[in-house]
Amino acid sequence: MLLSFVLHSLEEGFLFAILALGVYITFRVLNFPDLTVDGSYPLGAAVAAVLIVRGMNPFSALLFSALAGGLAGLLTAFLHTKLKITPLLAGILTMIALYSINLRIMGRPNISLSEYLGHRTVITILREVNLPIRSEYFIPLIFFVIVMVLKELVDLFLHTEIGLTIRATGDNEQMIRAEGVNTDTAKLIGLSLSNALVALSGGLFAQYQGFADVGMGIGMIIAGLASVIVGQSLVRGRTVELMTLGAIVGAIVYRLAIAMALKWGYNFGFRPTDLKLLTALLVITILSFPYLRAKVKRLEES
Amino acid sequence: MLKISHLTKIFFKGTPNENVALRDINLEVASGDFITIIGSNGAGKTTLLNLISGVYLPDKGKIEINGKNVSNLPEHKRAKFIGRVFQDPLQGTASSLTIEENLAIASLKGQKKRLRFAVTRKKREEFKEKLRALGLGLENRLQERVGLLSGGQRQALTILMATLSKPDLLLLDEHTASLDPKTAQKIILLTEEIVAHHKLTTLMVTHNMEEALKFGNRTIMMHEGEIVLDIKGEERERMSVKDLLDKFSEVRKERLVEDKMLLV
Ligand SMILES: Nc1ncnc2c1ncn2[C@@H]1O[C@H](COP(=O)(O)OP(=O)(O)OP(=O)(O)O)[C@@H](O)[C@H]1O
Ligand SMILES: [Mg+2]
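Chain B carries the name ABC transporter ATP-binding protein in an unreviewed UniProt entry, which gives Aerophobetes bacterium as its organism. Listed in UniProt under the heading Subcellular location (unreviewed entry), the comment for chain B reads: "Cell membrane".

Per an unreviewed UniProt entry, chain A goes by the name ABC transporter permease and belongs to Aerophobetes bacterium. Of chain A, the UniProt comment under Subcellular location (unreviewed entry) reads exactly: "Cell membrane".

Dropping the structure here:
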C-alpha cells in the first residue's frame, strides 16, 4: 500500500521533472520568466491525445507534442524579441491564445485515452513488455531513465557553442551582444527548447493519467518553479549538471509533498480541490523563507 | 580605418528633456592609431563609443570601418570588427560562466555558433597559454566561475577576451577607473602590451591626464558633444599635464562666454 503510493508519486515526480527541466531553462538559464508553460503543457497533452485517438503510435505522438510545444515557445519569443512585449506579458498572451487553440485541437474540453476504447498509450506498451520484473517497478524505472537521458541531453546542449550563448544571454545580455551574438536568436532557441520539454511532459502525463484536459495546465508554471526552487535548496552548486539535477530532485520532492498532502491532508480538512492553494502557499513559503529567516535573525540579535 | 562624419546623437529628441550628446562629430582614425580621449563628465565620450559599436543608432552621420559603412548595422554584426572593455568590470564578462567558457565565447566572435562543444581540449591549452601571460595565476582556475574573480582579474580577462580574435578596433572606456591604483597600473600596462603586440587600432577613454599623454600617439578632448582638441606628433610631445589642464579650463571658459553672448 505504502509502496505503491511511493511508486506512484515517483512516477508523477519523474514526469514532472521533465517540465521542471524546461522551466529551469527559461527561469534560471535565460532569466526569462516564461508563463507559456500553463498553455504549452496542456498543448502537449492535447496533441498526444488527439494523435493517439487517431491511431498514431504513442511514442511518435510525443514527438509531435514536443514539436508543438517548441512552436508555442517560438511564439512567445517572437512576441518578446520582435514585437518588444515584456517577457511576462508575452508568455501570458501565448498562454491565453493556447487555451483556445488547445480546445480546437481536441474539439472538446476533454479526451479520454482508454484501453477499453482501443487506445494504445506509452503505458499500455510498457505493460505489455515481457520482463522478469513487474510493471509496477518497470514503469517508474523507464520514466527515470527517460528523465536522466533528457537531463544528460540538456547538460550536453548547454555546453555546446549554441548552449553557451544562451547561458550568456541570460547572464549578461550586453556582454554577449558585444561578443557578436544575436540575443534574439538565443532567446528563440531557449524558449522553444524549454516549451518542447514542457509539452513533452504534458503529452506523457496525459497518457499516464489516461486523459487530456484543457484545464490541466493551470498553475503548472508555479509547480515547475516550485520544483526548481526546492531543488536548488536541496542540491547546492552552480554548475549546469548540478542545477538540472536539482530541478529533477525538486520535482520529485514537490510531487511527494503534494501526494502526501492529498493522501493524509483530509485529516486536517484538505480537499483535492485545494491543491492549487497548497502549491501557492508552498511557493510563497519557499520564496519568502530567506527574507524571513534574515529578519528573525536580526530581531534575535537586537 | 575608422571614419566618422557628421555624427550626431540626440537623446529624448523632441521632448523637453532633449539632450544633444554628440554634435556633428568628425573623426578619422588611421590604422594602428592609439587615441586617448579625455573630457568632462557628460561630454559624450561613452556615447561616441556606443555609437561606434552600434549600441545605439545615430540621428545623423556616418560611421565607416575599413571603408565599409556600418552606420545601420546592428551591434552583434559589428562586433566582429570591434573589441570592447567597459568601465564596470561586471559588464564585460558573464559571471555565471567559467573563465574558459567566457574565453570560448570570445574565441567564437563573428563565427557561426554550432552544436559542438564550446570548450575543446585544444582551446583549453590555448586559453591556458594566454592566461599565463597575464601573470595573475588564472591559468589554474579555468573552470571557476568568473563571478568569483576580483574586479582587476575580471578586467584583465575582459581585455584578453576583447583582443582574442584580433579586432580591427579596440574600444576602452575608463577600463581602469574602478580598480585600486596598483591594479589599475597593472591593467593599463597590460593593455599597452597587448595593443602593441597586435598593433591594434585603439580608442581609450580616460580621466587621467597623465595617462592620456603617456599612452598612445594622439589625444582628443571632448566637451559637450564636440571634439574641442585633437593633438598628435610634436605638439603632443611638448604638452605637459598642466598645459592640458589649462586647455581644459580654457575651453570651458570659452564655451561659457559663447553661451553668454548667445543669451544677450
Ligand atoms: N542611454 C542614454 N539615454 C539618455 N541620455 C543619455 C544616455 N547615455 C548618455 N546620455 C546623455 O548623453 C550625455 C553624454 O553622456 P556620456 O555618457 O557619453 O558622457 P561621458 O563623456 O562618457 O561622461 P563620463 O565621463 O561621466 O562617463 C549626457 O548628458 C548623458 O546624460
Ligand atoms: Mg562615460
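Still to come is the rest of the account.
Caption draft 1: Main features of the overall build of chain B. A tally of helices and strands in chain B yields nine helices and ten strands. In summary, chain B has a C-alpha radius of gyration of 20 Å against a globular reference of 18 Å for 264 residues, a match within 12%. Viewed in the frame of its principal axes, chain B has a C-alpha envelope of about 70 × 40 × 35 Å. Among the 264 residues that make up chain B, the fraction classed as buried is 51%. Taking as baseline every contact in chain B between residues at least 6 positions apart, the subset at least 24 positions apart corresponds to 68%. Looking at chain B as shown, the accessible area adds up to about 12900 Å², and 50% of this sits on carbon and sulfur atoms. Looking at charge distribution, chain B has the averaged site of its 42 positive side-chain charges lying 8 Å from that of its 35 negative ones.

Caption draft 2: Structural context of the interface of chain A and chain B. Chain A puts 22 residues into the contact, and the matching count from chain B is 30 residues. Of the roughly 2400 Å² buried between chain A and chain B, counting both surfaces, carbon and sulfur atoms make up 58%. Contact with chain B buries area across many residues of chain A, yet Glu 161, Leu 164 and Glu 179 of chain A alone supply 29% of it, more than any other trio. The tally of links between chain A and chain B comes to three salt bridges. Note that Glu 101 of chain B and Arg 167 of chain A form a salt bridge whose closest N and O atoms lie 2.9 Å from each other. At the boundary of chain A with chain B, the tally comes to eleven residue pairs in polar contact (both at pLDDT 80 or more). When residues of the side of chain A that touches chain B are assigned to their parent elements, the largest contribution, seven residues, is made by helix α7 (residues 161–171) of chain A. Taken together, the residues that form the side of chain A that touches chain B break down as nine nonpolar, seven polar and six charged.

Caption draft 3: How the structure looks around the sheet that holds strand β1 (residues 2–11) of chain B. Residues and elements named next belong to chain B. Reading across from one edge, β2-β1-β4-β5 is the order of the four strands in this open sheet, with antiparallel pairing throughout. Only two strands of the sheet have a single neighbouring strand rather than two, namely β2 (19–29) and β5 (68–69). When strand β4 (residues 60–65) meets β5, the two strands line up antiparallel, connected through two bridges. Along β5, the bridge assignment pairs Ile 65 with Lys 68. Across the sheet, helix α1 (residues 45–53) is in contact with β1, β2 and β4; its angle to β1 comes to roughly 115°.

Caption draft 4: Spotlight on the nonpolar core. If you look at the biggest cluster of nonpolar residues, it comprises 75 residues, and the most contacted ones within it are Val 23, Tyr 24 and Phe 143 of chain A. Excluding anything up to four places from it in sequence, Val 23 of chain A contacts Arg 28, Val 37, Ser 194, Ile 221, Gly 224, Leu 225 and Val 228 of chain A. If you look at the next biggest cluster of nonpolar residues, it comprises 42 residues, including Val 85, Phe 127, Leu 157 and Ala 162 of chain B.

Caption draft 5: View of the packing of α7 of chain A against helix α3 (residues 99–107) of chain B. Contact pair α7 of chain A / α3 of chain B: the axes reach a minimum separation of 10 Å and the direction vectors enclose 110°. Here α3 of chain B runs roughly perpendicular to α7 of chain A, going by the angle between their axes. For the pair α7 of chain A and α3 of chain B, contact is made by Leu 164, Arg 167 and Ala 168 of chain A and by Glu 101, Ala 104 and Ile 105 of chain B, respectively. Here the contact of α7 of chain A with α3 of chain B is built from residues that sort into four nonpolar, no polar and two charged.

Caption draft 6: Highlighting the packing of aromatic side chains. Under the counting rule described, the total for this entry stands at six aromatic pairs over all chains. Between Phe 14 of chain A and Phe 144 of chain A the ring centres are 5.5 Å apart and the planes differ by 55°, which places this aromatic pair in the tilted class. Highlighted residues: Phe 14 of chain A in helix α1 (residues 2–29) and Phe 144 of chain A in helix α6 (residues 135–158), separated in sequence by 130 residues. On the basis of relative accessible area, Phe 14 of chain A is assigned to the buried category, the value being 8%. Clustering of aromatic rings is evident, with ring pairs tying together Phe 143, Phe 205 and Tyr 208 of chain A. Lying across the ring of Phe 81 of chain B, Lys 80 of chain B places its NZ or CZ 6.0 Å from the centre.

Caption draft 7: Region of interest: the site of ligand 1. All names here are of chain B. The local shell around ligand 1 holds 15 residues, among which Asn 41, Gly 42, Lys 45, Thr 46 and Thr 47 are the closest. Between ligand 1 and the protein, one listed contact pairs an oxygen atom with a side-chain N or O atom of Thr 47 at 2.5 Å. Within the side chain of Tyr 56, an N or O atom sits 3.0 Å from a nitrogen atom of ligand 1. Coverage of ligand 1 by the protein amounts to 67% of the 630 Å² it exposes when considered alone. Where the shell around ligand 1 is concerned, the elements lending two or more residues are β2 and α1. The element contributing the most residues to the shell around ligand 1 is α1, with three residues. Along the lines of polarity and charge, the residues of the shell around ligand 1 split into five nonpolar, eight polar and two charged.

Caption draft 8: Broad picture of the pairing of strand β9 (residues 218–223) of chain B. Residues and elements named next belong to chain B. Where burial is concerned, most of β9 is hidden: six out of the six residues are buried. On β9, burial covers both faces: Arg 218, Ile 220 and Met 222 on one face and Thr 219, Met 221 and His 223 on the other are all buried. Where β9 folds back on strand β10 (residues 226–232), the antiparallel hairpin that results is connected by two residues, among which Glu 224 adopts a positive phi of roughly 45°.

Caption draft 9: Spatial organisation of α3 of chain B. Burial analysis of α3 of chain B places nine of its nine residues in the buried class, the great majority of the element. Taken residue by residue, α3 of chain B has Ile 99, Glu 100, Glu 101, Asn 102, Leu 103, Ala 104, Ile 105, Ala 106 and Ser 107 of chain B as its buried positions. In this structure, the buried side of α3 of chain B is in contact with α7 and α8 (173–178) of chain A together with α4 (121–134) and α5 (151–164) of chain B.

Caption draft 10: Local environment of the confidence of the model for chain B. Residues and elements named next belong to chain B. Of the residues in chain B, 97% reach a pLDDT of 70 or more, and the chain-wide mean stands at 92. Ranking the elements of chain B by mean pLDDT puts helix α9 (residues 241–263) last, at 77, and strand β8 (residues 201–205) first, at 97. Under the prediction, the complex receives an ipTM of 0.90, its pTM being 0.91.

Caption draft 11: Expanded view of the side chain of Thr 206 of chain B. Position of Thr 206 of chain B among the secondary structure elements: in the loop between β8 and α7 (209–214). What Thr 206 of chain B contacts, discounting residues up to four positions off in sequence, is Ile 37, Ile 38, Glu 174, Glu 211 and Ala 212 of chain B.

Caption draft 12: Geometry of the side chain of Ser 71 of chain B. All names here are of chain B. Checked against the element boundaries, Ser 71 lands in the loop between β5 and α2 (75–78). Taking relative accessible area as the criterion, Ser 71 reaches 5% and is therefore assigned buried. The residues touching Ser 71, leaving out its near neighbours within four places in the chain, are Leu 57, Pro 58, Gly 61, Lys 62, Ile 63 and Arg 78.

What counts as what
- Throughout, residues of each chain are indexed from 1 in the direction in which the sequence is written.
- Note on labels: chains are lettered from A, ligands numbered from 1, in written order.
- Only residues with pLDDT of at least 70 get local features here, since the model is predicted, and only at 80 or more are side-chain atom pairs given and counted; chain-wide, interface and lining totals rely on the full set of residues.
- Side-chain figures throughout are based on the complete set of non-hydrogen atoms in the structure, without hydrogens or water.
- UniProt positions are given in the numbering used here, feature names are shortened, and annotations may be inferred rather than shown by experiment.
- In this text, helices come from DSSP runs of H or I with a minimum length of four residues, and strands from runs of E with a minimum of two, each type numbered from the N-terminal end.
- With C-alpha atoms as the basis for the radius of gyration, the globule rule is written as 2.2 Å multiplied by the number of residues raised to the power 0.38.
- Under the scheme applied here, a residue whose accessible area is under 20% of the maximum for its type counts as buried, over 50% as exposed, and between as partly exposed, the area being computed with a 1.4 Å probe on protein chains only.
- When checking whether two residues touch, look at their non-hydrogen atoms; a contact exists if any pair is within 4.5 Å.
- Residue-level accessible areas treat just the shown protein chains as cover; the underlying method is Shrake-Rupley with a 1.4 Å probe.
- The charged-residue count follows a simple rule in which Lys and Arg add positive charge and Asp and Glu add negative charge, with His and chain termini not counted at all.
- Working definition for charges: the position is that of NZ of Lys, CZ of Arg, CG of Asp or CD of Glu.
- Buried area counts how much accessible surface, traced with a 1.4 Å probe, disappears from two parts once they are put together, with both parts' losses summed.
- Every case where a carboxyl oxygen of Asp or Glu lies within 4 Å of a side-chain nitrogen of Lys or Arg is listed as a salt bridge.
- We call two N or O atoms a polar contact when they sit within 3.5 Å, provided that within protein one can donate a hydrogen and the other can accept it, with sequence-adjacent residues counted only if both atoms are side-chain atoms.
- Amino acids outside the nonpolar list (Ala, Val, Leu, Ile, Met, Phe, Trp, Tyr, Cys, Pro) and the charged list (Asp, Glu, Lys, Arg) are all regarded as polar, and Gly is one of them.
- Think of it this way: DSSP has to see at least two bridges between two strands before they count as a pair.
- Inter-axis angles, ranging from 0 to 180 degrees, are taken between N-to-C directions of lines fitted to C-alpha atoms, where helices are fitted over the stretch in contact.
- Definition used in this section: a nonpolar core is a set of buried Ala, Val, Leu, Ile, Met, Phe, Trp, Tyr and Cys residues joined via side-chain atoms within 4.5 Å.
- Note on angle classes: values under 35 degrees are labelled roughly parallel, values over 145 roughly antiparallel, values of 65 to 115 roughly perpendicular, and the remainder oblique.
- Two rings from Phe, Tyr or Trp (for Trp, the six-membered ring) form a pair when their centres are within 6.5 Å of each other. A pair whose planes differ by under 30 degrees is stacked, one over 60 is edge-to-face, and the rest are tilted.
- Placement of a charge over a ring requires the Lys NZ or Arg CZ to be within 6 Å of the ring centre, with the centre-to-atom vector within 35 degrees of the ring normal.
- Here a residue counts as near a molecule or strand whenever at least one of its heavy atoms sits within 4 Å of it.
- Each residue gets a pLDDT score, which is the predictor's confidence in that residue and runs from 0 to 100.

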